[in-house]
Each structure stands twice: as C-alpha cells, then as structure tokens.
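Fold and geometry: a report
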Amino acid sequence: MPDPAAQPEPASEPEAASEPVVSSGALDDAAPESSPAPSPDPAEEDGIATQAPVTGLRLVPELEPEYEPDPEPAGPILAAVPDLEPERDLEPGAELAPDEAPAGAPATEPEPEAAIFVPERPRRELLTLDKPVPPRPPTTGRDEMMPRIEDDESLDIAGSPRSELRAAGLAVPKMHQLVRRGDTAMWAFAVRSSEALRWWLDIRQSAEQTGWMPVLLGAPEEWRDNGEAIIHEGDDELTRADEIDASELLHHKAAEAGEPARGVPILSRRGDTDFATPHEQHGLLGLVKTDAGWKIPAMFPWKGSTNWELYGAEHAAVLRGWHRRFEAELVAMTYDVIELYVPHPPNAEEALAVANEVYAYCPDLLDSGVPTLEDLAEHMIRSKAWYFRWT
C-alpha cells in the first residue's frame, strides 16, 4: 500500500521556478518536493545503503540561505544581556566583599560589628547620680515618729557631725552614737527609704569639706549593742589592710572558689541608682570620720562574710583597688550585704577579668543563680550599682 506521506500534493498553480530546499535534517523539513533529487555520489550511496530506509524522504544538500534584511521592529528593541550569576544566600549580618558587589549598586559603608554595650562614662566630677524626688510631707502613720529636721544648735552633741554638716549647708536630724571602737565612733540617724539615697548623696558630696563619710546601714535592730551582730572583734584591721595585696588575695580566693555553678539567672541588671538597701522601709544612715569610704569595713571590722574568710582588712584591700581603678564608692554595709556605686564601670575588654575578681570576692553571687561569668560581666558593664551578698 503506498505511503500517504509520499504522495505529492496537487499543485493549484504552476511554479515559476524550482529552487533547492534547505533541509536541517529534521522531520519538519522532510515534506515531499516536486523537483527531482540529485543523484548521490557512489561513496554516499554506500553510506545511505547501510541506513534504515526512510519512506517519503529525500536528502537534499544544505545551502546557505540568501541574506535578507530584517524587517524594521515594530516595538522597542530588546538587547541581549549576559547571564548574571545567581544571588548567594548570605548569612544574617554577612556582607558582599567589595569586588563582589553588584554592578551599579551604590557604595555603602560597612556596619560596625555588634559589641557589648558600654555605658557612656560620666565626667570626673564626683557622684553624678540623680537624686530621688523628695516625697510629700507625711501626715499620718509611723513616718511621724521619724526624727524631725530642726536647725537648732541645742540638739548638737559633743563629737557629733551635726554642726559640721550644718556649716556645709546640710540640716540633718538629731544623731546618736551608734558604735565606738577606741577613739573612732560611728554616728547615725534614721532615714525613710524614699530619702535614704538622697541623704547619702548630699553628705557624700560634702565629705571633702566636712570629713564625714556616709554609709547606709540597713535595719536599726541589726546594730544593737554596739553592733555586735555585724562587727567582729579584732586587732587594727586598717593597718593589716596595708599589708594585703588585693590581686594576690583574689587569685587565691578564685582557686578556692573553683568553677562557678550554673543555674537560673536571678541577678537582674541594676541601673545607676538601683540599690537594694535604700528600699527598706526604715533604716539608718551612718557617718564616719575618714577620708575614704573603702576604709569603713576595716575601721569597724565587718563580719558579714566570715563564712568566706574575709574580714575587715580584706574588704578594705579589695575595695581600695576598685576605688583606684573604677572610683568605686561604698554605699551600704548591712548585716550580710555590701553595695558599691561605680561611676566608671569596666569596659568590654576588661569586664570578664573583673567578673572573675567579683566571683572570687563573692562566689555566692554565682552559686545562688547567675549562670556564667559572661553574664556577670555583661551585668557589670551595664550597671553602676554593684551588689554583694554572702549567705
């Protein structure tokens, strides 16, 4: 049966001239032609003979097509562009190198690397803390039992700092002698929690003129009987403090403390004025005649950390070193708590080393919940209120 594809189509009009057909070798170009095919060479006949017969197809030589000008484009001309490299998936925060930036992209300044936040260091003027807003005058309740401020010389007691504070422009309540050791006495008056830090600031800022250093003492009942619950018996601790190398002491205490425990963080970051002792409803503010607050734990040998074998001389040696480096000031010394105001906290580079010192000084901070030294270091460079408690 003849192949339908091989039957020539009826010609509707005679062709004016027969032109050779260009074939690409594809089946679409293999439609039957009316013109006879040229005879192949003998060599080609041998090659053709070995191939499978193709019905209805004729081989024609491939000819170069005649050049014809392209018609005028009807729309905008589209130009071919080279393939662009696929965009890379960058990690968050990663940037392209300068030689990898896309062509035509505007040059941008590289963003600075994220660093631990370091608070702006204040001017060297002493104690730039903001004073709390004074409360309204009390009308009822226990506040009426607090000492009243009366600018009356008849309330002055021999040896009391009251007259010297008044000469510096500070009118304070009547005082009483709280503790005496030899020729050294600590005077005190009661303060409300809302006013405790303001009193401490006023007296501390006038200390260069009056010679009296303030310290918040916590609850009055802890200081009964010449402070026997807080002050231990001992020799001249202040003289012994001069013989102590604080760096060597902390090195030995760090080895004794060992690897810090890991737990749930409970030490919240403290702001510049976030001290714990002033939050007590009623407390005492003590005044001591000295030229440096770091000496007070040695002048009245503090025993709040005897379980860690630190006594007045050891505290004075450590606080003296921090005072020289960071201008640390003693704010509070209660039954088992010491609080410092640190105007110039350590920077990010030295924070971890200082955190090791803090851990050696008071390992109970980490053992009670702060998970790592890194967490403690971050806390210390963000805060100017340092808190220590020995349990």
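Residues numbered from 1 in each chain as written. Predicted model: local features only at pLDDT ≥ 70, side-chain atom pairs only at ≥ 80, totals over all residues. Heavy atoms only, no water.

The helix and strand inventory of the protein chain stands at 12 helices and seven strands. Looking at the protein chain as a whole, 37% of its 391 residues qualify as buried. A separation threshold of at least 6 residues defines the contact pool for the protein chain, and within that pool the share at least 24 residues apart is 74%. For the protein chain, the exposed surface amounts to about 24900 Å²; the carbon and sulfur share of it is 51%. (Helix = DSSP H or I, 4+ residues; strand = E, 2+ residues; numbered from the N terminus. Buried < 20%, exposed > 50% of the residue type's maximum accessible area, 1.4 Å probe, protein only. Contact = heavy atoms within 4.5 Å. Areas by Shrake-Rupley, 256 points an atom, 1.4 Å probe, with all protein chains shown as cover.)

A word on the packing of helix 10 (residues 351–361) against helix 12 (residues 373–382). Following both chains from N to C, one finds helix 10 and helix 12 inclined at 105°, their axes separated by 8 Å at the closest point. Viewed along their axes, helix 10 and helix 12 adopt a mutual orientation that is roughly perpendicular. Of the residues in helix 12, those touching helix 10 at A351, L352, V354, A355, N356, V358 and Y359 are L373, E374, L376, A377, M380 and I381. (Axes fitted to C-alpha atoms, helices over the stretch in contact; angles between N-to-C directions. Parallel < 35°, antiparallel > 145°, perpendicular 65-115°, else oblique.)

If you look at the biggest cluster of nonpolar residues, it comprises 59 residues, and the most contacted ones within it are W223, W322, L340, Y361 and F388. If you look at the next biggest cluster of nonpolar residues, it comprises 23 residues, including L170, W200, I203 and F275. (Core = buried A, V, L, I, M, F, W, Y, C linked by side-chain atoms within 4.5 Å.)

Turning our eyes to something else, we now look at the confidence of the model for the protein chain. In the predicted model, the protein chain carries a mean pLDDT of 73, and 57% of its residues have values of at least 70. Note that residues 10–37 has pLDDT below 50 and, in this model, 24 contacts with residues that lie over four places away or in other chains. Below pLDDT 50 for its whole length, residues 94–98 participates in six contacts with residues either more than four positions away or in separate chains. (pLDDT = per-residue confidence, 0-100.)

So, about helix 3 (residues 196–205). In terms of burial, helix 3 is largely enclosed, as nine of its 10 residues are buried. Turning to helix 3, the residues buried within the fold contact helix 2 (162–167), strand 2 (184–192), helix 4 (207–210), strand 3 (212–218), strand 4 (282–289) and strand 5 (329–333).

Bringing helix 10 into the picture now. With eight of its 11 residues buried, helix 10 lies for the most part within the structure. Within helix 10 the residues assigned to the buried category are A351, V354, A355, E357, V358, Y359, A360 and Y361.

Along the chain, G258 falls in the loop between helix 7 (246–257) and strand 4. Residue G258 is classed as partly exposed on the basis of its relative accessible area of 34%. Separated by 102 residues in sequence, G258 and A360 place their C-alpha atoms 8.9 Å apart.

Moving on, we come to the packing of aromatic side chains. According to the stated counting rule, one finds nine aromatic pairs in the structure shown. Aromatic pair W322 and W386: ring centres 5.8 Å apart, planes at 85°, arrangement edge-to-face. Placement of W322 in helix 9 (residues 312–326) and of W386 in strand 7 (residues 385–389) is noted, with a sequence separation of 64 residues between them. You can call W322 buried: its relative accessible area is 1%. An aromatic cluster of three or more residues is present, and its members are W302, W322, F326, Y361, W386, F388 and W390. Between the NZ or CZ atom of R198 and the centre of the ring of W199, over which it lies, the distance is 5.6 Å. (Phe/Tyr/Trp six-rings, centres within 6.5 Å; stacked < 30°, edge-to-face > 60°. Lys NZ or Arg CZ within 6 Å of the ring centre and 35° of its normal.)

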